[in-house]
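Observations on chain architecture
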Amino acid sequence: LGFLTLLVYGLFKYYRWVATYPKGLFPLPFIGNMLEIDFKAPYKSLKRIGKLNNGMYTSFAPNPVVYITDPHILKEASITVTISLVGQRSRRCKKCSL
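Calculation notes
Residues numbered from 1 in each chain as written. Predicted model: local features only at pLDDT ≥ 70, side-chain atom pairs only at ≥ 80, totals over all residues. Heavy atoms only, no water. Helix = DSSP H or I, 4+ residues; strand = E, 2+ residues; numbered from the N terminus. Buried < 20%, exposed > 50% of the residue type's maximum accessible area, 1.4 Å probe, protein only. Contact = heavy atoms within 4.5 Å. Areas by Shrake-Rupley, 256 points an atom, 1.4 Å probe, with all protein chains shown as cover. pLDDT = per-residue confidence, 0-100.

Per an unreviewed UniProt entry, the chain carries the name Cytochrome P450 and comes from Pristionchus entomophagus.

Let's talk about the overall build of the chain
Per the secondary structure count, the chain includes 4 helices and 2 strands. When each of the 98 residues of the chain is scored for burial, the buried share is 16%. Taking all contacts inside the chain whose residues are at least 6 apart in sequence as the whole, residues at least 24 apart take part in 38%. Carbon and sulfur atoms form 66% of the exposed surface of the chain, whose accessible area is close to 8,200 Å².

As for the environment of E36
With respect to the element layout, E36 can be found in the loop between α1 (2-18) and α2 (42-52). Residues contacting E36, with those up to four places away along its chain left out, are L25, S45 and R48.

What to know about the confidence of the model for the chain
Chain-level pLDDT for the chain is 78 on average; 81% of the residues reach the 70-or-more range. Ranking the elements of the chain by mean pLDDT puts helix α4 (residues 91-94) last with 52 and α1 first with 88.

Here it is in structure tokens:
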């Protein structure tokens with residue numbers, strides 16, 4: 001009973017963590033989306049999945065990787081990240097005598 005409770009709790013925590021990433025294929029614990037990717041031509045699989053998910057999705061293999069296949073979304077994401085980093089100094093530069 002204790003093992004079953006621990007297993008259910010672990011699955012609940014895993015899928016709550018998965019929900020924080022952009023939508024993608026349904027990941028399985030420990031192997032992620034490895035069954036969905038053709039390793040002889042992975043670019044074809046990733047392109048197909050990108051079309052299904054409107055240009056941005058997360059693949060778990062088993063760690064999460066966010067793929068952006070739409071150039072418009074990529075441009076918007078890069079501008080957003082650049083704007084949020086403007087004016088910030090890295091930790092290394094704070095020690096510099098500039």
